[in-house]
Amino acid sequence: MDLTYTPEEEEFRAGLRDWLAKVLPGLPAKPSPADWPGRRAYDLGWQRRLHDAGYAGLHWPLDAGGRGATPTQHLIFLEETERAGAPYVGANFVGLLHAGPTIAAEGTAEQRARWLPPVLRGEEVWCQGFSEPGAGSDLASLRTRAVRDGDDYVVTGSKIWTSHAEVADWCELLVRTDPGAPKHRGISWLAMPMDAPGLTVRPLRTLAGSTEFAEVFLDEVRVPVTHRVGAENDGWRVTMVTLSFERGTAFVGEVVACRRTLGELARAAKANGRWDDPVLRRRLGRLHGEFGALWRLTQWNVSESERSGGVPGTGGSVFKLAYSHARQELYDTAAEVLGSASLSLEEEWTLDRLSSLSYTIAAGTSQIQRTIVAERILGLPKGR
């Protein structure tokens, strides 16, 4: 892997820095974390600015409405936007990082034309309807049913941990279309409009007090057959494409953020005297090495994705496993550096620390990632 930058890539970086320096001072104030309509408008507004400047869907294929940028340009974009303190994808993350790339890879020409441009322009928000009360880690055990009725599927069931359901226009929904088939083979992937009759959204409050997740109840909700992505009962394979994006490339911007946070912690430790503790210095140094290695792994995964047609491989599970635990240790270390100042729920450090606890569960538990690494990368026999 060549880690040097070409003159063209450095020119891209310079142009991006110049644009960020001009546009960021003019952004409106960030809304309250509890103001979801405001957060939706803020995040969509930022996405529209990216689109108008030619930075939306930077790494998406040209025929999907993207810029067709190289993996290195994509990583430069993530580095520079994070270092400049630009908004992250926010409420747009399912559409931009999961559903959109899946539709780009698996959808028909009509589906790509319908759903991808509004995501890139900052006009529509997606949520993820995968997990169920009895099918979280064992996703293939989902029981939400979709029965074919003419040109529609009639969907009945419930979903949980549905990200951004309160403000979403569309849901990437997994349903069981053949209850008699083996559990991995009777699933289909649907795009469901969130204003469909029979759909109820109930927000869930997290440990940090936020409500970015919800329960979704489906009572004979009709979804057109034309909204199915992939063949009927081939949804598990399509889902693996979605999860490969979720685990392989969706977290890359956060690695940059964690490296910045680590630098802030080191400066805080020097300011409050904790830097004199050699154990703490070693811990910070080791985290610096871990996040540096994770960034290199990110570069490798993104490059590998490009070589394999744009879909990340199983190496994303290695990244997800290592990153989840490194992030938790980072915010445990933050509590050690900051002391009682890190205990207030008004402090961003505290909210980030509470949020970090979910990372070993979200997007597939660490136990599942270890199984994927063992079976699909190391070639070990399947456990019983």
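None of these values were measured; they are calculated from a predicted model. The residue numbering used here restarts from 1 in each chain and proceeds along that chain's sequence as written. For a predicted model such as this one, the threshold for reporting local features is a pLDDT of at least 70, and the threshold for listing and counting side-chain atom pairs is 80 or more; totals across whole chains, interfaces and linings nevertheless cover every residue. Derived side-chain values reflect all non-hydrogen atoms in the structure, with water molecules and hydrogen atoms excluded from consideration.

Asker: What exactly am I supposed to notice about the overall build of the protein here?
Answerer: Where helices and strands are cited, they refer to DSSP runs of H or I of at least four residues and of E of at least two residues respectively, numbered from the N terminus. Counting secondary structure elements, the protein contains 11 helices and eight strands. Burial here depends on accessible area, computed with a 1.4 Å probe over protein chains only, as a share of the maximum for the residue type. Under 20% is buried, over 50% is exposed, and the range in between is partly exposed. Looking at the 384 residues of the protein, the share that counts as buried comes to 50%. Note on definitions: a residue-residue contact is assigned when non-hydrogen atoms from the two residues lie within 4.5 Å. Counting contacts in the protein only where the partners sit at least 6 residues apart, residues at least 24 apart contribute 72% of the total. Accessible area of the protein: about 17,900 Å², with a carbon and sulfur share of 53%. The accessible surface values rely on the Shrake-Rupley method and a 1.4 Å probe; as for residues, cover is taken only from the protein chains in view.

Asker: Mind showing me how you'd approach the packing of helix α4 (residues 93-106) against helix α5 (residues 109-121) here?
Answerer: Each pair of packed helices can be described by the angle between their axes along with the distance between the axes. Two numbers describe how α4 lies on α5: the axes approach to 10 Å, and their chain directions differ by 155°. If you check the angle between α4 and α5, you find them roughly antiparallel. Between α4 and α5 lies a crossing of left-handed hand. Listed contacts from α5 to G95, L96, G100, I103, A104 and A105 of α4 are Q111, R112, W115, L116, V119 and L120. Charged means Asp, Glu, Lys or Arg here, nonpolar means Ala, Val, Leu, Ile, Met, Phe, Trp, Tyr, Cys or Pro, and polar covers whatever is left, Gly included. When grouped by side-chain class, the residues that make up the contact of α4 with α5 number eight nonpolar, three polar and one charged. All axes are obtained by fitting lines to C-alpha atoms, using only the stretch in contact for helices, and the reported angles, taken between N-to-C directions, cover 0 to 180 degrees. When describing relative orientation, an angle under 35 degrees is termed roughly parallel and one over 145 degrees roughly antiparallel, while 65 to 115 degrees is termed roughly perpendicular and anything else oblique. The sense of a crossing depends on the near helix, which, turned anticlockwise from the far helix by less than a right angle, makes the crossing left-handed and, turned clockwise, makes it right-handed.

Asker: Could you clarify how one ought to interpret the packing of aromatic side chains in this entry?
Answerer: Describing an aromatic ring pair means giving the distance of the ring centres and the angle of the ring planes. Whether two aromatic rings pair depends on their centres lying within 6.5 Å, for rings of Phe, Tyr and Trp, where Trp uses its six-membered ring; planes under 30 degrees apart make the pair stacked, over 60 edge-to-face, and the rest tilted. Scanning the entire structure with this criterion turns up eight aromatic pairs. A network of ring pairs unites the aromatic residues F12, W19, W46, Y55 and F77 as a single cluster. Any Lys NZ or Arg CZ that is within 6 Å of a ring centre and within 35 degrees of that ring's normal is treated as a charge sitting over the ring. In this structure, R39 packs its charged tip against the face of W36, placed 3.9 Å from the ring centre.

Asker: For this particular structure, what's the right way to read the side chain of Q73?
Answerer: Positionally, Q73 belongs in helix α3 (residues 71-83). In this view, Q73 contacts F12 and L58; residues no more than four positions away in its chain are not counted.

Asker: Would you explain the environment of P179 in this entry?
Answerer: With respect to the secondary-structure elements, P179 resides in the loop between β4 (170-176) and β5 (187-193). For P179, a relative accessible area of 49% puts it in the partly exposed group. As for P179 and A146, which are separated by 33 residues in sequence, their C-alpha atoms are 9.6 Å apart.

Asker: Is there a simple way to explain the nonpolar core in this structure?
Answerer: One recurring pattern in soluble globular proteins is that nonpolar side chains are buried together. Counting residues in hydrophobic clusters, the biggest one holds 65 residues, and the most contacted among them are W46, W126, W189 and F291. Ranked by the residues each element gives to this core, the list is headed by helix α9 (residues 315-338), at seven residues. In plain words, nonpolar cores are sets of buried Ala, Val, Leu, Ile, Met, Phe, Trp, Tyr and Cys residues tied together by side-chain atoms within 4.5 Å. Listed in part, the 25 residues of the second largest apolar core include V167, A168, L173 and L190.

Asker: Would you take a moment to explain unusual backbone geometry for this structure?
Answerer: In this structure, H164 is a non-glycine residue whose phi angle is positive, near 60°. On the secondary structure map, H164 appears in the loop between β3 (152-159) and β4. Given a relative accessible area of 8%, H164 falls into the buried group. In this structure, N233 takes a positive phi of about 70° despite not being glycine. Along the chain, the position of N233 falls in the loop between β8 (228-229) and α6 (235-248).

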